Structure formats: structure tokens, C-alpha cells
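# Fold and contact review
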Amino acid sequence: MRILLVEDDPALGPELKTTLAKHGYAVDLAVNGIDGEIMGKEDIYDLVVLDLGLPDRSGLDVLRNWRSQKNNIPVLVLTARSAWQERVDGFDAGADDYLPKPFHTEELLARMTALLRRANQQISSQLEASGLTLDENTQSVVRDGEEIALTGTEFRLLRYMMHNPGRVLSKLQLVEHMYDDGAENDSNVVEAYIKMLRKKIGHDNIKTKRGQGYVFGESR
Ligand code: CA
């Protein structure tokens, strides 16, 4: 899952990014409204965590602009605790959920999981496909009752594929969901990771579409 975090607070932004990365998300951080809006237009994020008080362009304007352009990406808004009007404005502008500051990381993570689940129309934190069960909460993957040991990068790669079964996913799409910005964005490493994943989850679960990318599970 790739997350766009738009937060100008010089302490909170990097801290949240680190926390979310530890929980298996690939996170890009934008520190002002204009950068955030532009990044959110790229169709690569699964969720946005958006602060409302931002330099250059307010979070509300960013959100309104996305929605007016029919960008339906799930957005969780961060608001000041006492500002009930901000929350109302946030929902009016098209926010999917909000969290007042200061907040506990656990609550943010739980709300993010709920939003992502809703966006993917899942009913639980577990994802099942091709004989594999992936649990978002425990970040584990089980097959035939046995847990498969995966690295963080392998987990992120498999999670993205399991969210998109039967779809052809390009190397570029895959690598974008494996790493944060700043990390090496070389799509050639995808091949190596696919090879390792196949060894762990079964070769037939990932098919190669020559010149296009990879398909997890059954082709549609
Ligand atoms: Ca702020």
C-alpha cells in the first residue's frame, strides 16, 4: 500500500512517515499544499493522510481540487482537536474520515486500515486469494496453516498483488508499492523479488506477462 502523507510539521511529518513505514506502508511525504496536491494527482496512492493547516495551499483547497477533478482517492484528514468547524468543512470538501490532533498512532493505523478496507470492499483485515491468507494487522501470510516468512519488501509486494488479483501489474506499478521515495526506484529489482516470492508462495501464483508485467492468481 502506498500512502501520501501531507504534513508540514517538521517533527510530526518525518515521525509519522517512519511509523507508517514500520507498519508496512510505502510513504511519500509532502510538506506543503501545492506539492501535496500535485503528488495526489498521480494515480499511485491507495490513501492520503492530509493535514488541513498547510503552507502555500490549505488542505481543504487541496481536497476540494482533487474532488472537483473526480479524484476519489480515500482521504483521512488531520484536524486541530477543538476545531469542529474544520471537521465539518473537511467532510463537506470530501474527506472520508478525520482524526483530531494530537492522536495515538494506533488510532491512526486503525482508521487507515478501515479506510483501505472500505476502499477495497473487504470485510475483514484478512485477504484471501490463491490459497494464501494475508493478515493486515499481524502482517503475516499463511498457507495451509503455515506462516510464510517474508521480508518487509516482499510483504508489501505480495500485499499489493493480492489486492489486485487477476490484473496485469507493471514492474513500475509494483516497485512504487514496494518502496518509499528516496529508496532505489529501479524496476529491475522487481524481477528478483518476484523470483523470491515465487519460491515462497508457489511458482504458479504469479504469472509473467511478457513485456507487460505480472499477474497474481487467476487471469480474468
Ligand atoms: Ca499544519
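Residues numbered from 1 in each chain as written. Predicted model: local features only at pLDDT ≥ 70, side-chain atom pairs only at ≥ 80, totals over all residues. Heavy atoms only, no water.

Turning next to the pattern of salt bridges. Going through the model one piece at a time under the given rule, you end up with 12 salt bridges. The shortest N-O distance in the salt bridge between Asp 28 and Arg 2 comes to 2.9 Å. Residue Asp 28 is found in strand β2 (residues 26–30), and its partner Arg 2 is found in strand β1 (residues 2–6); the two are separated by 26 residues along the sequence. Accessibility classification places Asp 28 together with Arg 2 in one group, the buried group. Between Glu 7 and Lys 101 there is a salt bridge; the shortest N-O distance is 3.0 Å. Taken together, the positions of Glu 7 in the loop between β1 and α1 (12–22) and Lys 101 in strand β5 (residues 97–101) put the pair 94 residues apart, joining distant regions of the chain. Assessed through its relative accessible area of 21%, Lys 101 is described here as partly exposed. One salt-bridge network, held together by shared partners, links Glu 7, Asp 51 and Lys 101. (Salt bridge = Lys/Arg side-chain N within 4 Å of Asp/Glu carboxyl O. Helix = DSSP H or I, 4+ residues; strand = E, 2+ residues; numbered from the N terminus. Buried < 20%, exposed > 50% of the residue type's maximum accessible area, 1.4 Å probe, protein only.)

The calcium ion binds to the protein through Asp 8 (OD), Asp 51 (OD) and Gly 53 (O); the donor distances cover 2.2 to 2.3 Å. Read N to C, the donor residues that coordinate the calcium ion are spaced as D-x42-D-x1-G. Residue Asp 8 is found in the loop between β1 and α1, and its partner Gly 53 is found in the loop between β3 (47–51) and α3 (59–68); the two are separated by 45 residues along the sequence. (Donors = N, O, S within 2.8 Å, 3.2 Å for Na, K, Ca; no water.)

Along helix α4 (residues 84–93), the positions that sit buried rather than exposed are Arg 87, Gly 90 and Ala 93. The buried side chains of α4 occupy one side of the element, clustering within an arc of 125° when seen end-on. Within α4, the exposed residues directed more than 90 degrees away from the buried face are Trp 84 and Asp 92. Tucked inside the fold, the buried residues of α4 contact α3, β4 (75–80) and β5. (Arc of directions from axis to C-beta. Contact = heavy atoms within 4.5 Å.)

Another aspect to go through is the pairing of β3. The element β3 is extensively covered by neighbouring structure, given that five of its five residues are classed as buried. Here β3 shows no split at all, with Leu 47, Val 49 and Asp 51 on one side and Val 48 and Leu 50 on the other all buried. Where β1 meets β3, four bridges bridge the pair, whose relative direction is parallel. Following the sheet pairing, Val 6 is matched in β3 by Leu 50. Where β3 lies against β4, four bridges are found, and the strand directions are parallel. Note on β4: the bridge partner recorded for Leu 50 is Val 77. Once you follow β3 into α3 and on to β4, the crossover reads as right-handed. (Pairing = 2+ DSSP bridges. Right-handed = clockwise from strand over helix to strand, strands pointing away.)

What follows covers the sheet that holds strand β10 (residues 168–169). Reading across from one edge, β10-β12-β11 is the order of the three strands in this open sheet, with antiparallel pairing throughout. Edge positions in the sheet fall to β10 and β11 (206–209), since each of these pairs with one other strand and no more. In terms of strand pairing, β11 meets strand β12 (residues 213–216) through four bridges, oriented antiparallel. Bridging from a neighbouring strand, Ile 206 pairs with Phe 216 of β12. Each of β10, β11 and β12 is contacted by helix α6 (residues 152–163), which is oriented at about 70° to β12, the strand it contacts most. Relative to the sheet, helix α8 (residues 188–201) contacts β11 and β12, its axis offset from that of β11 by approximately 145°. (Axes fitted to C-alpha atoms, helices over the stretch in contact; angles between N-to-C directions.)

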